[in-house]
Amino acid sequence: MKRRTIDVQNLLRENIRTITPYSSARNEFSGQAQVFLDANENFRDFFSGTGRNRYPDPLQRELKQKAAELLEVPTSQLFLGNGSDEAIDLLFRAFAIPGVDRALIQPPTYGVYSVFAHLNDVGLSVCPLDDEFQMDMGAIERMCTDDPETLKLLFICSPNNPTGNDINVDDIRHALDIFPGIVVVDEAYQDFSDAPSTVSLLDDYENLVVLRTFSKAWGLANIRIGMACADERIIEVFNNIKYPYNISGIAQETALEALNHQRQVEKNIELIKTERERVVQKLNTFECVVRVYDSSANFLLVKTTDAKRIYTGLKDRGIIIRDRSNQHGCEQSVRITIGSPDENERMLEALEQMEAGA
Ligand SMILES: *Cc1c(COP(=O)(O)O)cnc(C)c1O
């Protein structure tokens, strides 16, 4: 197979291409010493006893090493961000000229892509997923040839939020072959899927950026760490334009600790998948349920007879789900996260009550 190469320098915005990155004290000296008087830190660690008075490693070397082993990529191809949201924002800032360039999004999908597009004054080309929530390749081909000069980012979410399905990998490959800019595959829910990760495509496509996160399967949404895997020239740009200390020491240490408990995480993924199956079966017995979509994630998209009524009914019983009815192709649909067996049972019992008119 022929490798898709790209001219990263040429794709970058002019101001990014020529930027002189901020060089922090911790960047310039990261070795061992007895006295650190280089970063204007306080000598006193008032409360923690764990060195919270010191700035954290700006490049998160120790954590990055372990995370790279997990994802089976070299550390030079891995960026760690303040949530995957940071990587999404950096993609806009690095590649899309405000007021000129565009990003291609495929609703129904994760709302952050369009929010950051607006924030960065980048236009959107909208190419909805088809009836089966797969990519409309004919429309994407047309958009790629219509105005290739300004089309800089394509967002593919797989498994997709809020629909839960994997995107066909052949379509992803085809998009990688024809898209004029950077193709972003957001794999926030990959750990719950049986489909292979597109991280393995990095060797074939220099225009690919794969996003992963500690927020879902790793149970660490609170510490805000996301990952981006890409060609090392792209990762270098991210490192040059991120906030200097984008991930706190507390977060880095917590993630490192989590990586020592991989087996526990894997077992939990299996539990969530088992629960997912059980909840699907049960939901399908309800009259208010029109369709439960196949899910490769830790949530279910459920088409109902009346999404608002179900959302409100559950809310009145202390159970919060997400009404996704306003999303393209998601009429009368709600998104339900798979919780603990007990939480799922309570949700199902509440639905039962509502169906019984109680
Ligand atoms: C939850 C989620 C993320 C995770 O974002 P973080 O900033 O890493 O917490 C990314 N993409 C999608 C589609 C998500 O649903």
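Residues numbered from 1 in each chain as written. Predicted model: local features only at pLDDT ≥ 70, side-chain atom pairs only at ≥ 80, totals over all residues. Heavy atoms only, no water.

Taken together, the neighbourhood of the ligand is formed by 13 residues, with Ser84, Tyr189, Thr213, Ser215 and Lys216 sitting nearest. For the ligand, an oxygen atom lies 2.9 Å from a polar atom in the side chain of asparagine 161. Alone, the ligand offers 390 Å² of accessible surface; in the complex the protein occludes 94% of this. Looking at the shell around the ligand, its residues break down into four nonpolar, five polar and four charged. (Near = heavy atom within 4 Å. Polar contact = N/O pair within 3.5 Å; in protein donor to acceptor, adjacent residues only side chain to side chain. Areas by Shrake-Rupley, 256 points an atom, 1.4 Å probe, with all protein chains shown as cover. Nonpolar A, V, L, I, M, F, W, Y, C, P; charged D, E, K, R; others polar.)

Strand order in the open sheet formed by four strands is 8-9-11-10, with antiparallel pairing between adjacent strands. Among the strands making up the open sheet, the edge pair consists of strand 8 (289-292) and strand 10 (322-323). Judged from the three bridges that link them, strand 8 and strand 9 (residues 299-304) form a sheet pairing that is antiparallel. Looking at strand 9, one finds that arginine 291 is bridged to lysine 303. Packing against the sheet, helix 11 (residues 262-283) makes contact with strand 8, strand 9 and strand 11 (333-337), and its axis sits at approximately 10° to strand 9. (Pairing = 2+ DSSP bridges. Helix = DSSP H or I, 4+ residues; strand = E, 2+ residues; numbered from the N terminus. Contact = heavy atoms within 4.5 Å. Axes fitted to C-alpha atoms, helices over the stretch in contact; angles between N-to-C directions.)

What follows is about the pairing of strand 6 (residues 208-213). A regular strand carries its side chains on alternate faces of the sheet. Within strand 6, six of the six residues are buried, leaving the element largely enclosed by the surrounding structure. A two-sided burial pattern is seen for strand 6, the buried positions comprising Leu208, Val210 and Arg212 on one face and Val209, Leu211 and Thr213 on the other. Sheet analysis places strand 5 (residues 182-186) next to strand 6, joined by four bridges and oriented parallel. Across the sheet, valine 183 pairs through a bridge with leucine 208, a residue of strand 6. For strand 6 and strand 7 (residues 226-230), the ladder comprises five bridges, and the chain directions are antiparallel. Among the inter-strand pairings, arginine 212 is bridged to a residue of strand 7, identified as methionine 227. (Buried < 20%, exposed > 50% of the residue type's maximum accessible area, 1.4 Å probe, protein only.)

Let's shift gears to the nonpolar core. Counting 79 residues, the largest nonpolar core has Leu78, Ile156, Leu283, Leu314 and Leu351 as its most contacted members. With residues near it in sequence (within four places) discarded, isoleucine 156 still touches Gln106, Met135, Ile167, Ile172, Ala175, Val183, Val184, Val185 and Asp186. Residues Val8, Ala87, Ile182 and Val237 belong to the second largest nonpolar core, which totals 35 residues. (Core = buried A, V, L, I, M, F, W, Y, C linked by side-chain atoms within 4.5 Å.)

A few words on helix 12 (residues 307-316). Looking at helix 12, one finds that the buried residues are Ala307, Ile310, Gly313 and Leu314. Along the axis of helix 12, the buried residues cluster in a sector spanning 135°; they form a single face. Facing away from the buried surface of helix 12 by more than 90 degrees, the exposed residues are Lys308 and Asp316. For helix 12, the secondary structure elements touched by its buried residues are strand 9, strand 10, strand 11 and helix 13 (341-355). The first or second residue beyond helix 12 is glycine 318, which carries a positive phi of 85°. (Arc of directions from axis to C-beta.)

Evaluated as defined, the whole model comprises zero disulfides. There is no disulfide at cysteine 144, and the cysteine sulfur nearest it, in cysteine 127, is 9.0 Å away. (Disulfide = S-S within 2.5 Å.)

What follows covers empty space enclosed by the protein. On inspection of all chains with the given rule, the structure shows two cavities of 30 Å³ or more. Quantified by volume, the largest cavity comes out at close to 50 Å³. Along the walls of the largest cavity sit Leu283, Cys288, Val289, Val302, Thr304, Ile310, Leu314, Ile321, Val334, Ile336 and Leu351, which together make up its complete lining. Put simply, the parts of the chain that give the lining of the largest cavity at least two residues each are strand 9, helix 12 and strand 11. Residue composition of the lining of the largest cavity, by class: ten nonpolar, one polar and no charged. Its volume calculated, the second largest cavity comes out at about 30 Å³. (1 Å grid on protein atoms, 1.4 Å probe; cavity = no way out; pocket = protein on both sides within 12 Å on 5 of 7 lines; lining within 4 Å. Points joined across faces, edges and corners; volume = space filled by probe spheres on them.)

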